[in-house]
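Observations on the three-dimensional arrangement
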Amino acid sequence: MSNELAAAPVRIGHGFDAHRFGEGTRVWVGGVSIPHHRGIIAHSDGDVLIHALCDAILGALGLGDIGKRFPDSDPEYRDADSRMLLRDVVALGHAEGWVVGNADTTVIAQSPRLSPHVDTMRARLAEDMNVSAERVNVKATTTEGMGFTGRGEGIASHAVVLLVPKPHSET
């Protein structure tokens with residue numbers, strides 16, 4: 001790593017994830033189980049919001065993506081709780097000397113309706129990232145019937161995180 005990159009005062013990462021709907025009666029988003037007439041097709045619990053956050057953190061660290069860290073070819077991660085994956089990625093950042101400064105996320109889905117769950121999502125994500133809920137933003141939007149999310153074929157999420165150096169008191 002170059003000295004100028006190592007000395008950078010912040011790091012920014014972006015993540016994206018999408019999953020198809022399939023059989024089931026619930027959808028996990030932001031660590032919250034939301035009743036729905038369909039489930040998610042995924043190797044883990046399919047939480048698109050947490051997967052996008054993991055990708056954003058790993059990207060800011062320069063360590064690839066969630067598929068590299070938790071491959072779907074590994075049976076250890078079959079039906080994995082994505083909150084555990086997020087805590088692992090945050091701990092990796094902590095070990096590298098970085099903490100989450102803030103996170104801004106957007107979930108894209110025609111359904112289920114996510115707005116009633118946003119505050120709970122923020123609280124759970126903040127807990128898993130060891131930050132206050134004020135440093136985590138969760139937005140939900142539709143595509144007004146356009147694209148795969150608009151046709152109800154799946155759900156997607158974007159996440160952007162800012163990593164800042166770990167305070168000396170946390171060493």
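Figured I'd write up the structure that's included with this text. Being a predicted model, the structure only gives us computed values, none of them experimental. Sequence positions are assigned chain by chain, starting from 1 and proceeding in written order. At least 70 in pLDDT is required for a residue's local features to be given in this predicted model, at least 80 for side-chain atom pairs to be given and counted, and no such filter applies to totals for whole chains, interfaces and linings, which use all residues. Hydrogen atoms and water are omitted, and side-chain values are computed over all heavy atoms in the structure.

In this section: unusual backbone geometry. Of the consecutive residues Ser111 and Pro112, the connecting peptide bond is found in the cis state with omega at 5°. In DSSP terms, a helix is any run of H or I states spanning at least four residues, a strand is any run of E spanning at least two, and both are numbered starting from the N terminus. Positionally, Pro112 belongs in the loop between strand E5 (98-108) and helix H5 (118-129). Although it is not a glycine, Asn130 adopts a positive phi angle of roughly 60°. As for its placement among the helices and strands, Asn130 is situated in the loop between H5 and strand E6 (136-141). The backbone of Glu144 shows a phi angle near 50°, a positive value even though the residue is not glycine. Residue position: Glu144 is located in the loop between E6 and helix H6 (147-150).

Our next topic: the sheet that holds strand E7 (residues 154-165). Picture the strands of a sheet paired through backbone hydrogen bonds; they go either parallel or antiparallel. In this analysis, strands are considered paired if DSSP registers two or more bridges between them. In spatial order, the strands read E4-E1-E7-E5-E6; together these five strands make up an open sheet with mixed pairing. At either end of the open sheet lies a strand with only one pairing partner, and these are strand E4 (39-40) and E6. As judged from the ten bridges shared by strand E1 (residues 11-22) and E7, these two strands associate in the antiparallel manner. When the bridges of E7 are listed, His14 appears paired with Val160. Relative to E6, H5 is tilted by about 140°, and along the sheet it contacts E5 and E6. Throughout, a contact is declared for two residues whenever any of their heavy atoms are within 4.5 Å. Helix axes are fitted only over the stretch in contact, all axes being lines through C-alpha atoms; the angle between N-to-C directions runs from 0 to 180 degrees.

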